[in-house]
Amino acid sequence: MAKRFISAVEEATAASIGGVPTCKPLIVAQTATLQEAVFALEKTSRGACVVVDDAGKAVGMFTERDVVRHINAGEDGWLGQSIIEAMSPITVTLQPSMTIAAALECMNAGPYRRLPIVDADGAPHGIVSIWDVMGYIAEHFPQRFFNLPPRPELETRNLWGG
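This report concerns the structure included in the present document. (Residues numbered from 1 in each chain as written. Predicted model: local features only at pLDDT ≥ 70, side-chain atom pairs only at ≥ 80, totals over all residues. Heavy atoms only, no water.)

1. Points about the sheet that holds strand β3 (residues 58-63)
- Reading across from one edge, β1-β2-β3-β4 is the order of the four strands in this open sheet, with mixed pairing throughout. Strands at the two margins of the open sheet, each flanked by one partner only, are β1 (27-29) and β4 (88-89).
- Here two bridges tie β3 to β4, and the two strands are oriented antiparallel to one another. Bridge assignment links glycine 60 to a residue of β4, and that residue is proline 89.
- Helix α2 (residues 34-44) rests against β1, β2 (48-52) and β3 of the sheet, and its axis sits at about 70° to β3. (Pairing = 2+ DSSP bridges. Helix = DSSP H or I, 4+ residues; strand = E, 2+ residues; numbered from the N terminus. Contact = heavy atoms within 4.5 Å. Axes fitted to C-alpha atoms, helices over the stretch in contact; angles between N-to-C directions.)

This is the structure in structure tokens:
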């Protein structure tokens, strides 16, 4: 049974990360202020945006965690700061042709909850999250994950599981 599960995981993660549905990334210019970025996140109900340089190349990510970090720091006037000061520089990007397994390895090594998908020129085309990947796997391979036989050695033997 363990071999079947491992086989199912290998099959699911061999697909291309470019096939995982993502929404168009929220893009913010590197000249933006934190106030502009926070407003854009709130207006679009997003949890992250990609910061791009003048050429449109992804240079950073700004997330809701960055907002919380600045609020907790209690700095006065932080909304007027440049997004460059608050963003996380992009050190890892995903290419659409990468496998889901490779993308998960990149996320785990970071650790990153979200990573941008960029083209050959570094322009962002999407942001993929761990939740996007798990949803894709569950949706496209349900028979491999939801119909696995139960493991009798893990079943509860009485009402309280003891």
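2. As for the environment of glutamate 64
- Position of glutamate 64 relative to the elements: it lies in helix α3 (residues 64-73).
- Sequence-distant contacts of glutamate 64, that is, excluding residues within four places in its chain, are made with Gly47, Ala48, Arg113 and Arg114.

3. Some remarks on unusual backbone geometry
- Here glycine 110 and proline 111 are connected by a cis peptide whose omega angle stands at -10°.
- Mapping proline 111 onto the fold places it in the loop between α5 (100-109) and β5 (114-118).
- In this model, serine 45 sits at a positive phi of 55°, which is unusual for a non-glycine residue.
- Checked against the element boundaries, serine 45 lands in the loop between α2 and β2.

4. Some words on the packing of α5 against helix α6 (residues 130-140)
- Viewed as axis vectors pointing N to C, α5 and α6 meet at an angle of 150°, and their least axial separation amounts to 11 Å. Judged on the interaxial angle alone, α6 and α5 are roughly antiparallel. When you trace α5 past α6, the crossing you get is left-handed. Of α6, the residues touching α5 (which contributes Ile100, Leu104 and Met107) are Ile130, Val133, Met134, Tyr136 and Ile137. (Parallel < 35°, antiparallel > 145°, perpendicular 65-115°, else oblique. Left-handed = near helix turned anticlockwise from the far one by under 90°.)

Purely geometric stuff here, so don't read any function into it on its own.
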